[in-house]
Amino acid sequence: MKSSSIAIFASGSGSNAENIIRYCQSTHDCRITVALVICNRPNAGVVARAEALNIPVKVMTRDEINNPSIIIPTLEEYGVDAIVLAGFLLMIPGFLIDRFAGRIINIHPSLLPKYGGKGMYGRHIHEAVVAAGEKETGITIHHVSGECDGGEIIFQTSVELSSTDSAEDVERKIHQLEYLHYPQVIADTL
Ligand code: GAR
């Protein structure tokens, strides 16, 4: 089977990015190499996490990420042939979706199509899930299309909620699901 060199795009704490990097570095027969982390926020936790694991990091502005003559040579320089989003909060420009057709995947911390779309990310989702009194929530791993949270679904799994769960409790449960499944789904898909 072909091996893949991925770039992880992340905007925040980067616990999923770290988990994916550790999985790839420690799994003997993993076909995935994390070649690069791209982050749009200089102070995001993911920057230090990736550097501590010896992964190159590029902090790039939204304009740079949206500029083909800047982002494409950067990805080429690191031999990137697929992109993994892990808590990345900008839209992926259409020219990247075309160039990496079928090779950009995202994780979303809800059971899409529930709690998806603009403004639905991270803690906001878990607060909405608690406010709605949901009995379960989950994660969705999907291909990235031009539509926000709209690409073809690859994998979903759910977790039960109790009536006393706070948004922080839900976030903890979701992160556990993400850590357990995202690296394997990446390895199986890319
Ligand atoms: C993750 O739960 C991820 O699913 C979510 O942000 C969190 C990032 O956590 N992504 C979205 O909400 C995208 N719409 P992390 O920075 O610790 O990996």
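Here the structure is shown first, and the text comes after it.
Residues numbered from 1 in each chain as written. Predicted model: local features only at pLDDT ≥ 70, side-chain atom pairs only at ≥ 80, totals over all residues. Heavy atoms only, no water.

Q: Explanation requested: the site of the ligand in the structure shown.
A: Inspection of the region around the ligand gives 13 residues, with Gly-14, Ser-15, Asn-16, Gly-122 and Glu-178 positioned closest. His-108 is positioned with one of its side-chain polar atoms (N or O) 3.3 Å from a nitrogen atom of the ligand. Protein contact buries 90% of the 450 Å² of open area that the ligand shows by itself. Of all the secondary-structure elements, those providing two or more residues to the shell around the ligand are α1 (15-26), β5 (104-108) and α7 (167-189). (Near = heavy atom within 4 Å. Polar contact = N/O pair within 3.5 Å; in protein donor to acceptor, adjacent residues only side chain to side chain. Areas by Shrake-Rupley, 256 points an atom, 1.4 Å probe, with all protein chains shown as cover. Helix = DSSP H or I, 4+ residues; strand = E, 2+ residues; numbered from the N terminus.)

Q: When you look at the pattern of salt bridges in this model, what are you seeing that I'm missing?
A: Any two side chains of opposite charge can pair, given that their charged atoms come close. Taken as a whole, this structure holds nine salt bridges when the rule is applied. The shortest N-O distance in the salt bridge between Arg-103 and Asp-81 comes to 3.4 Å. Taken together, the residues span a long stretch of sequence, with Arg-103 in the loop between α5 (94-99) and β5 and Asp-81 in the loop between α4 (68-77) and β4 (82-85) at a distance of 22 residues. Owing to a relative accessible area of 22%, Arg-103 belongs among the partly exposed residues under this scheme. For Asp-81, a relative accessible area of 24% corresponds to the partly exposed category. For the salt bridge of Glu-134 with Lys-114, the shortest nitrogen-to-oxygen distance reads 3.1 Å. (Salt bridge = Lys/Arg side-chain N within 4 Å of Asp/Glu carboxyl O. Buried < 20%, exposed > 50% of the residue type's maximum accessible area, 1.4 Å probe, protein only.)

Q: Explain the nonpolar core here, please?
A: One recurring pattern in soluble globular proteins is that nonpolar side chains are buried together. Grouped together as the largest cluster of nonpolar side chains are 38 residues, with contacts concentrated most on Ile-6, Ile-8, Ile-20, Val-84 and Tyr-182. A total of seven residues in this core trace back to one element, the largest contributor, which is α7. Ignoring sequence-local partners within four residues, the contact set of Tyr-182 consists of Asn-16, Ile-20, Val-84, Leu-85, Ala-86, Ile-105, Asn-106, Ile-107 and Ile-141. Membership of the second largest hydrophobic core comes to 21 residues, among which are Phe-9, Leu-85, Ile-92 and Ile-104. (Core = buried A, V, L, I, M, F, W, Y, C linked by side-chain atoms within 4.5 Å. Contact = heavy atoms within 4.5 Å.)

Q: How should the sheet that holds strand β1 (residues 4-10) be read in this particular structure?
A: Within a sheet, adjacent strands bond to each other through the backbone by hydrogen bonds, running parallel or antiparallel. Strand order in the open sheet formed by seven strands is β3-β2-β1-β4-β5-β6-β7, and the pairing between neighbours is mixed. A strand with exactly one partner marks an edge of an open sheet, and here the two such strands are β3 (57-59) and β7 (153-160). Each strand axis lies, on average, 20° off the axis of its neighbour in the sheet, ignoring direction. Bridge analysis of strand β6 (residues 136-143) against β7 gives seven bridges, and the strand direction is antiparallel. Counterpart to Ile-141 in the pairing with β7 is Phe-155. The sheet contacts of α1 involve β1, β2 (32-39) and β4, and relative to β2 the element is tilted by about 155°. (Pairing = 2+ DSSP bridges. Axes fitted to C-alpha atoms, helices over the stretch in contact; angles between N-to-C directions.)

Q: Looking at this model, I keep getting lost on the packing of helix α6 (residues 122-131) against α7. Mind explaining?
A: Two quantities define a packed helix pair, namely the angle between the helix axes and the distance between the axes. The interhelical angle for the contact between α6 and α7, taken along N-to-C directions, is 115°, at an axis separation of 8 Å. Of the two elements, α6 crosses α7, and the hand of that crossing is right-handed. Taken together, the residues of α7 that come into contact with α6 (itself represented by Arg-123, His-126, Glu-127 and Val-130) are Ala-167, Glu-168, Val-170, Glu-171 and Ile-174. (Left-handed = near helix turned anticlockwise from the far one by under 90°.)

Q: Help me understand unusual backbone geometry, please; the structure alone is not making it clear to me.
A: For the bond running from Leu-112 to Pro-113, omega is 10°, close enough to zero to count as cis. Relative to the helices and strands, Pro-113 resides in the loop between β5 and α6. Unlike most non-glycine residues, Asn-54 shows phi in positive territory, near 65°. As for its position among the elements, Asn-54 is in the loop between α2 (45-52) and β3. Its identity is not glycine, yet Asp-149 carries a phi of approximately 60°, on the positive side. Among the secondary structure elements, Asp-149 is positioned in the loop between β6 and β7.

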